[in-house]
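Coordinate inspection notes
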Amino acid sequence: MAHYAVIWQYTEDQQVLNAAKDAHGVYLRELVSRGKIREAGPWQDGSGALLIFDVGDETELKALLENDPYTSQGVVRQEQIFPWKVVIGPLAP
């Protein structure tokens, strides 16, 4: 498996964000139950989020991201994907 850190920057339109929030939460909980997301949460100021994925490869990651309601409903306005080499901590080999 490969780890990826994904950084999102959200739209400033709170109506768009609020409309997608419940479906996004359901989707993330499903990914957690499947072991695809290890950690996720918004920045304290609500401007974006950090998500840590454990997936087979970047193709799988991109498919999961595309299916997230925050992506498909326009909440995410900028996305950065970083392959992550875990060295220390609970996710380390």
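Refer to the structure presented above.
Residues numbered from 1 in each chain as written. Predicted model: local features only at pLDDT ≥ 70, side-chain atom pairs only at ≥ 80, totals over all residues. Heavy atoms only, no water.

Let's talk about the pairing of strand β2 (residues 37-42)
The test is simple: When DSSP finds at least two bridges between two strands, those strands are taken to pair. By the criteria applied, helices consist of DSSP H or I runs no shorter than four residues and strands consist of E runs no shorter than two, each listed in order from the N terminus.
Relative to strand β3 (residues 48-55), β2 runs antiparallel, the two being bridged by five bridges. Considered in β3, the bridge of Glu39 is made with Ile52. The loop that links β2 with its antiparallel partner β3 comprises five residues; one of these, Gly46, has a positive phi angle of about 75 degrees.

Thoughts on the nonpolar core
In plain terms, the rule: As used here, the term nonpolar core means buried Ala, Val, Leu, Ile, Met, Phe, Trp, Tyr and Cys residues forming a set that is joined through side-chain atoms within 4.5 Å. Note on classification: 1.4 Å probe, protein chains only; a residue is buried when its accessible area is under 20% of the maximum for its type, exposed when over 50%, partly exposed between these limits. Contacts between residues were defined by any pair of non-hydrogen atoms, one from each residue, lying within 4.5 Å.
Counting residues in hydrophobic clusters, the biggest one holds 21 residues, and the most contacted among them are Val6, Trp8, Tyr10, Leu51, Phe53, Leu61 and Tyr70. At the level of elements, β1 (2-10), α1 (14-33), β3 and α2 (58-66) are the ones that each hand at least two residues to this core. Apart from residues no more than four positions distant in its own chain, Val6 is found in contact with Ala49, Leu50, Leu51, Phe53, Leu61, Leu65, Glu79, Gln80 and Ile81.

Notes on the pattern of salt bridges
As a reminder, the rule being used: Any carboxyl oxygen of Asp or Glu that lies within 4 Å of a side-chain nitrogen of Lys or Arg is treated as forming a salt bridge with it.
The final tally for this structure, using the stated rule, is four salt bridges. Note that Asp54 and Arg38 form a salt bridge whose closest N and O atoms lie 2.8 Å from each other. Pair noted here: Asp54 is in strand β3 and Arg38 is in strand β2, with a separation of 16 residues, a long-range link. Note on Asp54: relative accessible area 7%, which makes it buried. The partly exposed category is assigned to Arg38, whose relative accessible area is 40%.

Focus on the environment of Val16
Here Val16 is to be found in helix α1. For the pair Val16 and Gln73, spaced 57 residues apart in sequence, the C-alpha to C-alpha distance is 7.4 Å.

Here we look at the packing of aromatic side chains
Short version of the rule: Between 30 and 60 degrees the pair is tilted, below 30 it is stacked and above 60 it is edge-to-face, where a pair is any two Phe, Tyr or Trp rings, Trp via its six-membered ring, whose centres lie within 6.5 Å.
If you walk through the whole model with that rule in mind, you get two aromatic pairs. Ring geometry for Trp8 versus Tyr70: centroids 6.4 Å apart, planes at 45 degrees, classification tilted. With a gap of 62 residues between them, Trp8 in strand β1 and Tyr70 in helix α3 (residues 69-72) connect regions that are remote in the sequence. Among the residues examined, Tyr70 registers a relative accessible area of 4% and is labelled buried. Look at Tyr10 and Tyr70: their rings are 5.3 Å apart centre to centre, the planes differ by 85 degrees, and that puts the pair in the edge-to-face class. Here Tyr10 is found in strand β1, whereas its partner Tyr70 is found in helix α3, with 60 residues between them in sequence.

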